[in-house]
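If you want the building blocks of each chain, they are given just below.
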Amino acid sequence: MLNRWIAGTCIGLALIGGGLSASLSWAQTQTQQAVSSYVNVTLPAIAHMKPWIDKSAADRIKAFATMGITNTTCDAPTSAAIQAKEHIAEGAGDLCQAMIAWMQDEDLFTCSRVSFSGNDFAHTEPVDPTIAKLHTSEGVLSTRLQLEKAAGCATKTITYWGPKALALSAQLAASISNSGELQAPSSGAAVPTREAFENTIFLCHIAYNGDEKSKSKVVDAADDACYAMSYLLAHNVADACSALERSMTKVFSMGDSDPLAREAKGLSERLTQRFSSLDCAATIAASKAAEDAKAAQQAAATPPPAPPAPVNNPYAKRNVIVGSINGEIQSVNNSYEVAQRWFDRGEDAEACGYYQKALSSLRDLRSLYSDLYRETGDSDDSAKSREMQDEESNLFEAYGDMCVDAGRRLY
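Quick caveat: nothing in here was measured; it's all calculated off a predicted structure.

### Topic: the overall build of the protein chain
The secondary structure content of the protein chain amounts to 16 helices and zero strands. By residue count, 45% of the 411 residues in the protein chain fall in the buried class. In the protein chain, the share of contacts with a sequence separation of at least 24, taken over all contacts with a separation of at least 6, comes to 74%. Here the protein chain has roughly 20,200 Å² of accessible surface; of this, 53% comes from carbon and sulfur atoms.

See the structure below:
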């Protein structure tokens, strides 16, 4: 099974005392690294695999075993391209990853990365001239179109990807016990490794997002069921039960027009059995009762707000803005830290929720620094506002496509 691609990107949050903009020399170094890895790794790997695109699966698999190319060959070059904001090189890295998957006859990851590469190639801003020249002379775009056609990515719809999501959901459910221990999914099969199990979760999410034009509550429910199994792996029964409950609600509310309607019965039976065996009804009720009790306790312990004191301090408004800025800085850092933990666990949708919170705080910071500039007239405050806007763009560039793939969007 393919290893999951995780871009080694991060967003600098040195908001106090340092600033957010990278130095010109560092940016140049990043570009040099992106060009070097594009020329020396990505393009040779693509060229080596290209003659096999239209061959049979058996021939591709046999040839790949002798190439010396691994599942992670293009990971570092893709990360270097992302850090340098070289979209064409990033798209080529995605294409290389897609070709590696195709050589192993894995069309889920293939079509996912073909789609990503198309988004990257669509960017029109200036790129490094070496990258731009080789992109044309090496026929990278035509290679992408050849792979897209060979894998049938443009013609595969929800009726193709949906059953794959359902099959992966069933595989995950059979591979883990109620106590969160991995087990053989069937007699004669091997117990999956943790990495293999997590890769299957990732593929389930890719299958769910395989057709962005058509939707199915059955496939949506299968994706929630995959999340439930990932929570079981983390021994988090409460969240597993919540995910199962969401999944069951979607299946039971499905209409006859759903493109996967005939698959609903089997999925609902499997969900109901797991929900019952985990005693989720009691778990959910207990969790809600605990949340209600905590909320009531906090409400009782919170004193009523004191009436505002008269404000005669000429710096009062500025101080309020500075206090709000400090709070938003902490919010950005906290949200980003939590997002990274979810991301490292492979929970892209959860990570994107916290990236969204960080993005919202950055936008608030941009507005607050503008307000502070109007109060102080200090050009540094105006510059900070622009830096917040740049940081919003950095976060969107780094995780926007990944969040689309995870079924969430950054705005």
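### A short note on the packing of aromatic side chains
What the rule picks out here adds up to two aromatic pairs. Their ring planes at 80° and their centres at 4.9 Å tell us that Tyr160 and Trp161 sit as a pair that is edge-to-face. Taking relative accessible area as the criterion, Tyr160 reaches 31% and is therefore assigned partly exposed. You can call Trp161 buried: its relative accessible area is 2%. The ring of Trp102 carries Arg60 above its face, with NZ or CZ at 3.8 Å from the centroid.

### Some remarks on the state of the cysteines
Tallied over the entire structure, the rule returns four disulfides. Here Cys74 engages in a disulfide with Cys96; their sulfurs sit 1.9 Å apart. Here the S-S torsion is close to 55°, and the disulfide linking Cys74 with Cys96 is therefore right-handed. Placement of Cys74 in the loop between helix 2 (57-64) and helix 3 (75-84) and of Cys96 in helix 4 (residues 87-103) is noted, with a sequence separation of 22 residues between them. This pair shows no difference in class: Cys74 is buried, exactly as Cys96 is. Two residues share a disulfide in this structure: Cys204 and Cys226, whose sulfurs sit 2.0 Å from each other. Between Cys204 and Cys226, the S-S torsion sits near 85°, and that sign places the bridge as right-handed.

### Regarding unusual backbone geometry
In this structure, Lys85 is a non-glycine residue whose phi angle is positive, near 60°. Summarising the element assignment, Lys85 is placed in the loop between helix 3 and helix 4. We classify Lys85 as partly exposed; its relative accessible area is 46%. Of note in this structure, Asp279 is not a glycine but carries a positive phi near 55°. You can see Asp279 is positioned in the loop between helix 12 (264-277) and helix 13 (280-301). Here Asp279 falls in the partly exposed class, since its relative accessible area comes to 46%.

### As for the packing of helix 11 (residues 237-252) against helix 12
The interhelical angle for the contact between helix 11 and helix 12, taken along N-to-C directions, is 150°, at an axis separation of 10 Å. Judged on the interaxial angle alone, helix 12 and helix 11 are roughly antiparallel. For the crossing formed where helix 11 meets helix 12, the hand is left-handed. The segment helix 11 lies against helix 12, with Cys241, Leu244, Glu245, Ser247, Met248, Val251 and Phe252 engaging Ala264, Leu267, Ser268, Leu271, Thr272, Arg274 and Phe275.

### Considerations on the packing of helix 2 against helix 4
It is the contact of helix 2 with helix 4, at a shortest axis distance of 8 Å, that shows an interaxial angle of 110°. By the criterion of interaxial angle, the relationship of helix 2 to helix 4 is roughly perpendicular. Taking contact as the criterion, the partners of Arg60, Ile61, Ala63 and Phe64 in helix 2 are, on helix 4, Ile100, Trp102 and Met103. Partitioning the contact of helix 2 with helix 4 into residue classes produces six nonpolar, no polar and one charged.

### Things to note about helix 12
The terminal C-alpha atoms of helix 12, which comprises 14 residues, lie 20 Å apart, in line with the 20 Å expected from a rise of 1.5 Å per residue. Of all the positions in helix 12, only Ala264, Leu267, Ser268, Leu271, Arg274 and Phe275 are classed as buried. Buried residues of helix 12 fall within an arc of 135° about the axis and therefore sit on the same side. What points out from helix 12, more than 90 degrees from its buried face, is the exposed set Lys265, Gln273 and Ser276. Residues of helix 12 that are buried sit in contact with helix 8 (158-174), helix 10 (217-233), helix 11 and helix 13. Directly after helix 12, the chain includes Asp279, whose backbone phi takes a positive value near 55°.

### A closer look at the confidence of the model for the protein chain
Per-residue pLDDT for the protein chain has a mean of 83; in total, 88% of the residues score no lower than 70. Low pLDDT (under 50) marks residues 1-24, which in the prediction has 66 contacts with non-local residues, meaning those over four places away or in another chain.

### A few points about the pattern of salt bridges
Pairs may arise between side chains of opposite charge once their charged atoms sit close together. By the definition in use, this model includes eight salt bridges. Residues Lys156 and Asp107 are paired through a salt bridge, measuring 2.7 Å at the closest nitrogen-oxygen approach. Residue Lys156 is located in the loop between helix 7 (140-151) and helix 8, and its partner Asp107 is located in helix 5 (residues 107-121); the two are separated by 49 residues in the primary sequence. Of the two residues examined, Lys156 and Asp107, each falls in the buried class. Across the pair Lys164 and Asp107 runs a salt bridge, and its minimum N-O distance is 3.5 Å. Residue Lys164 is found in helix 8, and its partner Asp107 is found in helix 5; the two are separated by 57 residues along the sequence. The class for Lys164 is partly exposed, based on a relative accessible area of 27%. Take Asp107: its relative accessible area is 7%, and that puts it in the buried class.

Scoring rules and cut-offs
- Note on numbering: residues in each chain are counted from 1, in written sequence order.
- With pLDDT at 70 or above as the cut-off, local features in this predicted model cover only qualifying residues; side-chain atom pairs require 80 or more to be listed or tallied, and sums for whole chains, interfaces and linings still use all residues.
- Calculation of side-chain values draws on the structure's entire complement of heavy atoms; hydrogens and water are dropped beforehand.
- In this text, helices come from DSSP runs of H or I with a minimum length of four residues, and strands from runs of E with a minimum of two, each type numbered from the N-terminal end.
- In this scheme, a residue with accessible area under 20% of its type's maximum is buried, one over 50% is exposed, and one in between is partly exposed, where area comes from a 1.4 Å probe on protein chains only.
- Contacts between residues were defined by any pair of non-hydrogen atoms, one from each residue, lying within 4.5 Å.
- For accessible areas, the Shrake-Rupley method is used with a probe of radius 1.4 Å. Any residue's cover is judged against the shown protein chains and nothing else.
- Only Phe, Tyr and Trp rings take part, Trp by its six-membered ring, and two of them pair if their centres are within 6.5 Å. Stacked means planes under 30 degrees apart, edge-to-face means over 60, and tilted covers everything else.
- Note on geometry: a ring has a charge over it if NZ (lysine) or CZ (arginine) is within 6 Å of the ring centre and within 35 degrees of the ring normal.
- In what follows, a disulfide is any cysteine sulfur pair within 2.5 Å.
- As a rule, the C-alpha atoms of each element are fitted with a line to give its axis, helices using only the stretch in contact, and angles between N-to-C directions run from 0 to 180 degrees.
- Roughly parallel means an angle under 35 degrees; roughly antiparallel means over 145; roughly perpendicular covers 65 to 115; every other angle is labelled oblique.
- Note: crossing handedness is left-handed where the near helix turns anticlockwise from the far helix by less than a right angle, and right-handed where it turns clockwise.
- Charged residues are taken to be Asp, Glu, Lys and Arg, nonpolar residues to be Ala, Val, Leu, Ile, Met, Phe, Trp, Tyr, Cys and Pro, and polar residues to be all remaining types, Gly included.
- In this scheme, a helix's expected span is set at 1.5 Å multiplied by one less than its residue total.
- Regarding the arc, it is the one traced by the directions from the helix axis to the C-beta atoms.
- One number per residue, pLDDT, summarises how confident the predictor is, and it ranges from 0 to 100.
- Salt bridges are identified by distance alone: a Lys or Arg side-chain nitrogen within 4 Å of an Asp or Glu carboxyl oxygen.

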